Amino acid sequence: MSTVLPLTPANFTLPFPDHYLQVRSLRHASPEAEGRPWLVLLHDSLGSIRLWRDLPEQLATALGCHVLLYDRRGYGESAPLGPYPRTPAYLEEEAQTIPAVLAACGITRAVLFGHSDGGTLALLAAATAPPALVAAVVIIGAHVFVEEETLRGIRAARQQYATTDLPQRLARYHGANTEGLFRAWTDTWLSPEFRAWNIEHYLPRVQCPVLVLQGAHDEYGTEAQVTAIASQVAGPAQAELLPGLRHTPHRQAPELVVSITASFLRAHLAGLPNE
């Protein structure tokens, strides 16, 4: 039986000229981890560091890698959102900050692991950052264009926000940021200007290996998203539609997501530990 080496956590605030980000790192005790890419987690439109639960620890242990995750601006314990309303290109704009975050944390090689909006950000960063920076991309429920399925899911979420305790539940993770982030998400995606949003033209610029995961019953997108991504990226791609799962497979079946992710990265990146 292999020995499970300890992880050393650290929480810190990363300052930028006009905002700050709350960051968490997990350093793996293995000396070999220093030569491996960092795994960088990018959360969704309602996510935060805490909402990843123990997935970062599971991934770090399985892959023998250091892990970095942070509250995006306007989420969790990071600074409030910037100018409002968001532009239809807010994801393209935010993706430009990812290399700056990595540089500020001393990360020169990363696997970007993103859920929903975070998956879209991972693809955009891989397409626009220097090729040496992004070793691979793992995405769950990402979007590259707007579907009626997505808008229907967001309308349902807006109704839940107005009629249930959803605001109070989100406030446990986002505090004073809750109202702003929820309105920014729903108002932007449901605006007429956003209906034409499409980032497929970025996909051929993604040269690294890409793992595309999506729940077969995702309430925010159809299999067309998976097909579009896997068929248009330039690097090797693997697509997995996960039976019985919805928009958050990493919460519904974390062991499955970790297993598929680890197998994919071991197949495409040198130096990762075997099972």
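Preceding this paragraph is the structure being described.
Residues numbered from 1 in each chain as written. Predicted model: local features only at pLDDT ≥ 70, side-chain atom pairs only at ≥ 80, totals over all residues. Heavy atoms only, no water.

### Looking at the pairing of strand β2 (residues 20–28)
Here strand β1 (residues 7–15) runs beside β2; their pairing, made up of nine bridges, is antiparallel. Residue pairing across strands places Thr 8 opposite Arg 27, the latter belonging to β2. Where β1 hands over to β2, the hairpin turn is made up of four residues, counted between the paired strands. The pairing of β2 with strand β4 (residues 67–70) spans four bridges and is classified as antiparallel. The partner of Val 23 across the bridge, within β4, is Tyr 70. (Pairing = 2+ DSSP bridges. Helix = DSSP H or I, 4+ residues; strand = E, 2+ residues; numbered from the N terminus.)

### So, helix α1 (residues 55–63)
Along α1, the positions that sit buried rather than exposed are Leu 55, Pro 56, Leu 59, Ala 60 and Leu 63. The arc enclosing the buried residues of α1, seen along the axis, measures out at 135°, which places them on a common side. Gly 64 sits one or two residues past α1 and shows a positive phi near 65°. (Buried < 20%, exposed > 50% of the residue type's maximum accessible area, 1.4 Å probe, protein only. Arc of directions from axis to C-beta.)

### What about the nonpolar core?
Most often, soluble globular proteins keep nonpolar side chains buried together rather than apart. Core analysis: the biggest nonpolar cluster contains 60 residues, and Val 40, Leu 68, Leu 112, Val 137 and Ile 229 have the highest contact counts within it. Per-element accounting of this core gives the leading share, seven residues, to helix α4 (residues 117–128). Membership of the second largest hydrophobic core comes to 31 residues, among which are Ile 49, Leu 69, Val 258 and Leu 269. (Core = buried A, V, L, I, M, F, W, Y, C linked by side-chain atoms within 4.5 Å.)

### Observations concerning helix α8 (residues 223–232)
Among the residues making up α8, those that are buried are Gln 225, Val 226, Ala 228 and Ile 229. The arc enclosing the buried residues of α8, seen along the axis, measures out at 165°, which places them on a common side. The elements touched by buried residues of α8 are α4, β6 (134–140), β7 (210–215) and β8 (237–242). (Contact = heavy atoms within 4.5 Å.)

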